Number of protein chains: 2
Amino acid sequence: MATIYEVSKLAGVSLATVSRVINNTATVREATRERVEKAMRELGYQPNTMAQSLASNRSNSVGVVVSELNGPFYGTLLSEIEKAFRAVGKHVVFAASHSDQAIEQQSIEFLKSRRVDALILHVESVSDEYLAKLNQTDCPVIILNRDVPALEKQCITLNNRLGGYLAAHYLLQLGHRDIAYIAGPQWKSDARDRYLGHCDALREAGIEPNPELFYEGDFQETGGTQGFLALQQKAIAFSAVVCGNDEMAAGVIAEAHDQDIDIPEKLSIIGFDNVNFSHYVYPKLTTIDYPIASMGQMAAHWILQHVYQQKTPPLQQLFEPKLVIRDSTTHYDDNCAKNSP
Amino acid sequence: MATIYEVSKLAGVSLATVSRVINNTATVREATRERVEKAMRELGYQPNTMAQSLASNRSNSVGVVVSELNGPFYGTLLSEIEKAFRAVGKHVVFAASHSDQAIEQQSIEFLKSRRVDALILHVESVSDEYLAKLNQTDCPVIILNRDVPALEKQCITLNNRLGGYLAAHYLLQLGHRDIAYIAGPQWKSDARDRYLGHCDALREAGIEPNPELFYEGDFQETGGTQGFLALQQKAIAFSAVVCGNDEMAAGVIAEAHDQDIDIPEKLSIIGFDNVNFSHYVYPKLTTIDYPIASMGQMAAHWILQHVYQQKTPPLQQLFEPKLVIRDSTTHYDDNCAKNSP
DNA sequence: TTGTAAGCGTTATCAC
DNA sequence: GTGATAACGCTTACAA
């Protein structure tokens, strides 16, 4: 593989000049540039990125760590990030923590050891302090789906509260009054915010949230099923159930099928995230769209701008969810048997 | 960040010795090794991977290119590959071709410019010749889900024909005789093989495959829907339909719902791949499991063994699919209205 | 505008 | 066993 030295010899210029045309780092006379480019072409020259990195103290690569890769969510994220960086010749190296708390921090360190120029993190278990410290080293960090006060300029988040509001508001609009809620783990801020938005909408409609209609699940399909069963045990009936995410909504739907409950006629169900399988469930799931692709893109833009000094469209930190109406919800009907024991 | 030089000074040894303890590359007296290790710990030393790569001509990273990242398939693949390599301190950098023919080759070149030690490819559009040439350079290639004759030792594939056989065989066993087939694009060898297996089972049962019961789809959900509609137009009735993949099966199920056709009572449906949403469709999809996780792991093992000289479990190139029985299939029943105009 | 030369932090080849 | 020292291929002052 040809080196910069051979190029310089063939073009009859110095190493420095070749480097200049490679990096556009100083003005080079047009004639010279052309001679160099010709030489590069003839030799099929490709800069050795390792040498570049070593000399410039820049790896031209960014790291991404996500908690899970199997799910319907992170593929889209990674895909978008990679696309954005490749367009400017930067590589992305990634690690998955496989939802393991111990591995998460280790993943970050692992990528740092690769001297990535920046890190995009979608993580849950590491502490705010750790993230703040990390950012102070040499490696800017941008954080998805989480608010770290010390890093407020570098967090890209969804307005989860608004999302929760939109879901409940839609159901209220359809005439539902007794709306059950199957939440995600309440130690997670997004799960909490979604429920807060839910309560906002209820109160706005003059309804006080009823603890009897609340169940704390685990964001998994089975959690949805269990939540639905638990809610049915209670004394109070409901005509709709909103879930903290689509997986749990799928769990509810599955159980409803088992019990021969017609959806949406007897029970309206609404999810959250709009993951890629949400239109494979039957009936197709009404849900709240989480614009993960745009958020990934924005993370890339932030780094492009702040780390690589590239021009990008204006940055945005807070994203708005949108209601996606499909077939799992319908008007409240007095005749509909409310769901209760 | 501490360098190897500082470590050597603190430990009172030469650069070379420190390098030796880092790489276990020659015998170092126990006392010396300990002094060096202590120094490394005290300085929080981490080798600079760029410098290592430059000097050793090894990047300690492997590249992965996949055609798509959104789908339900590649996340699992990447996840498994990353896990295997991280365990031995190797990084993985990836690129997605976003199903774009032009980008695919460019993605490969992009990763090669990063001097990856090896490449794992799940690609369709580049030619066999290109792959063979690629492998001859400096960069071993391992290929997933595709047979490249010139690289037969480096291809990891699924026995698609067996998979097709298993699906049809199961339906025959259930008593179905008129079985429609919605295939993937027949220029793809996996799509072809699956159908061949289907025919194998039919002939084994003394049934000659009927071209009227065959439709060539596109592996997409909409293709399944269109295929189902097209098959219904034909003069011949069928009691079951097998699809070249799960997406198309989902399309058939959606259309069946629209037409109020009971599944599986009136129509049995079977997919292929066992993607992560296959149990979210209703009824849960009977399908053929594609062991993508094991295959990704095997790709990693191959590289670990041949490129990094690590010991691994024995390698395996051909994987066997398995029938996964769920709720979209049932016994053939004479009373069942066959599907026809 | 172009050239010279000193790094960048390792590994690897010699000697000792 | 250990230590000098020359690569590795590039960037980047500093000169010219």
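Residues numbered from 1 in each chain as written. Chains lettered and ligands numbered in written order. Predicted model: local features only at pLDDT ≥ 70, side-chain atom pairs only at ≥ 80, totals over all residues. Heavy atoms only, no water.

In the annotation of an unreviewed UniProt entry, the entry for chain A reads LacI family transcriptional regulator, and the organism field reads Pseudidiomarina taiwanensis.

### A word on the interface of chain A and chain B
At the interface, 50 residues of chain A touch 50 residues of chain B. Surface buried jointly by chain A and chain B totals about 4,700 Å² across both partners, of which 57% is contributed by carbon and sulfur atoms. The largest contributions to the chain A side of the interface with chain B come from A:Arg86, A:Arg114 and A:Tyr280, which together make up 16% of the buried area. At the junction of chain A with chain B, the criterion picks out zero salt bridges. Among the elements of the structure, helix H4 (49-56), helix H5 (74-86), strand E2 (91-96), helix H6 (101-113) and helix H11 (246-258) of chain A are those that each provide at least two residues to the side of chain A that touches chain B. Take the side of chain A that touches chain B: its biggest share by element is seven residues, from H5(A). Broken down by class, the residue content of the side of chain A that touches chain B amounts to 21 nonpolar, 20 polar and nine charged. (Contact = heavy atoms within 4.5 Å. Buried area = accessible area lost by both parts, 1.4 Å probe. Salt bridge = Lys/Arg side-chain N within 4 Å of Asp/Glu carboxyl O. Helix = DSSP H or I, 4+ residues; strand = E, 2+ residues; numbered from the N terminus. Nonpolar A, V, L, I, M, F, W, Y, C, P; charged D, E, K, R; others polar.)

### Structural notes on the sheet that holds strand E8 (residues 240-243) of chain B
Residue and element names in this part refer to chain B. Taking strand neighbours across the sheet as the criterion, the four strands line up as E7-E6-E8-E9 in an open arrangement whose pairing is parallel. The sheet terminates laterally at strand E7 (214-216) and strand E9 (268-270), the two strands that pair on one side only. The sheet shows a mean angle of 15 degrees between the axes of neighbouring strands, taken without regard to direction. For strand E6 (residues 179-183) and E8, the ladder comprises four bridges, and the chain directions are parallel. Across the sheet, the residue bridging to Tyr 181 is Val 242, located in E8. (Pairing = 2+ DSSP bridges. Axes fitted to C-alpha atoms, helices over the stretch in contact; angles between N-to-C directions.)

### Structural notes on the relation of the copies chain A and chain B
Mapping chain A onto chain B leaves a residual RMSD of 0.2 Å; the transformation is a rotation of 180 degrees accompanied by 0.1 Å of translation along its axis. Such a turn and shift between the copies fits a two-fold axis. Take the interface residues of chain A: 100% of them recur as interface residues in chain B, which is what a same-surface contact looks like. (Least-squares fit on C-alpha atoms with pLDDT ≥ 70 in both.)

### Section: the domain arrangement of chain A
Looking at the assigned domains, one finds that chain A contains domain 1 (4-56), domain 2 (61-158 + 291-321) and domain 3 (160-286). Measuring from the centre of the C-alpha atoms in domain 1 of chain A to the corresponding centre in domain 3 of chain A gives 60 Å. (Domains from an automatic or database assignment.)

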